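Take a look at the letters that make up each chain.
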Amino acid sequence: MILNCVIIDDEPLARKGLKEYIQEIDFLRLAGDFDSPLKAMDIMTSQQVDLLFLDIQMPKITGIEFLKSLAQPPLVICTTAYSEYAIEGFELNVLDYLLKPISFDRFLKAAMKAKSRLEQLGKPVTTPAQAPEPSYFFVKTDNRHVKLFHNDVLFVEALQNYIAIHTQDNKILVYVTLGGIEKQLPADQFIKVHKSFIVSIQKINAVEGNEIIIGRHRIPISRDLKGEIMSRVVESKLLKR
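This section reports on the structure supplied with the text. (Residues numbered from 1 in each chain as written. Predicted model: local features only at pLDDT ≥ 70, side-chain atom pairs only at ≥ 80, totals over all residues. Heavy atoms only, no water.)

## Looking at the packing of aromatic side chains
Operational definition: Pairing of aromatic rings covers Phe, Tyr and Trp, the last counted by its six-membered ring, and requires centre-to-centre distances within 6.5 Å; plane angles under 30 degrees mean stacked, over 60 mean edge-to-face, and any other angle means tilted. Numbering goes from the N terminus for both helices and strands, where a helix is a DSSP run of H or I of at least four residues and a strand is a run of E of at least two. Only protein chains enter the accessibility calculation, which uses a 1.4 Å probe. A residue is then buried if its area is under 20% of the maximum for its type, exposed if over 50%, and partly exposed in between.
Scanning the model with the defined rule gives 7 aromatic pairs in all. Ring plane angle 70° and centroid distance 5.3 Å describe the contact between tyrosine 21 and phenylalanine 104, whose orientation is recorded as edge-to-face. A residue pair is termed long-range when its members are at least 10 positions apart, and tyrosine 21 in helix H1 (residues 12-24) and phenylalanine 104 in helix H5 (residues 104-121) qualify at 83 residues. Residue classification places phenylalanine 104 among the partly exposed positions, given a relative accessible area of 29%. The interplanar angle of 55° and the centroid separation of 5.6 Å between the aromatic rings of tyrosine 162 and tyrosine 175 together place this pair among those described as tilted. Here tyrosine 162, found in strand S9 (residues 162-167), pairs with tyrosine 175, found in the loop between strand S10 (171-174) and helix H6 (178-182); they are 13 residues apart in sequence, far enough to count as distant. Using a relative accessible area of 23% as the deciding quantity, one classes tyrosine 162 as partly exposed. Accessibility expressed as a relative area gives 66% for tyrosine 175, which makes it exposed.

## Observations regarding the pairing of strand S1 (residues 3-8)
Here is the rule we go by: Strand pairing requires that DSSP identify at least two bridges connecting the strands. If you view a crossover with the strands going away from you and the path from the first strand over the helix to the second runs clockwise, you call it right-handed.
Burial analysis of S1 places 6 of its 6 residues in the buried class, which makes it a mostly covered element. Relative to strand S2 (residues 28-34), S1 runs parallel, the two being bridged by 6 bridges. In the strand pairing of S2, asparagine 4 is matched with arginine 29. Following the chain from S1 across H1 to the adjacent parallel S2, one finds a crossover that is right-handed. The pairing of S1 with strand S3 (residues 51-54) spans 4 bridges and is classified as parallel. For cysteine 5, the partnering residue across the bridge sits in S3 and is leucine 51.

Here's what the structure looks like:
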């Protein structure tokens, strides 16, 4: 669970200290810091903010006034040097109230409280970006394991007891069956067009009669597979009048 945080405080040193504390806690991510509530309005309305570190006494508009203006405020931790605002803050459902100067231990306790509250509410919070699935595979050739990216493969050709993987620049011979290599290729990116050929759909330049053209290569189409090939490769992308 990652909590997107925003700091609003008109004191540069206070903002600097809070930013350093946030960097030390792995479940907090700083989305922005501002010296005025008015400057934070855009991010508060356009992005998901899970936790707001809000100073109270600021010029033009106080933290309390800003908090009252939010239709759906996030969790709020007040950060201020003035304890007299605590009662009003808690009346607005402020999660915690940190008096300056703020120690790291006290800051961590408040951050843990925010994390626990969101977990209890079951509120969706920002999650770390998931790494994409690997877009490559390995083949063994000449006593080496060679990495091949799916996007580099033009087509695969079966040749007796081995296969040839054709890329833009090379032809790699691998002692494996066509069925074995087919399992390594994403079904949404590759299609078997003949008992001896698998081609990359994105690399097809044209379909002419019973042949597929990829660059300078002409690859035969099996009669039994032509209907499926035309449907997946051509008809679904055919520009209609």
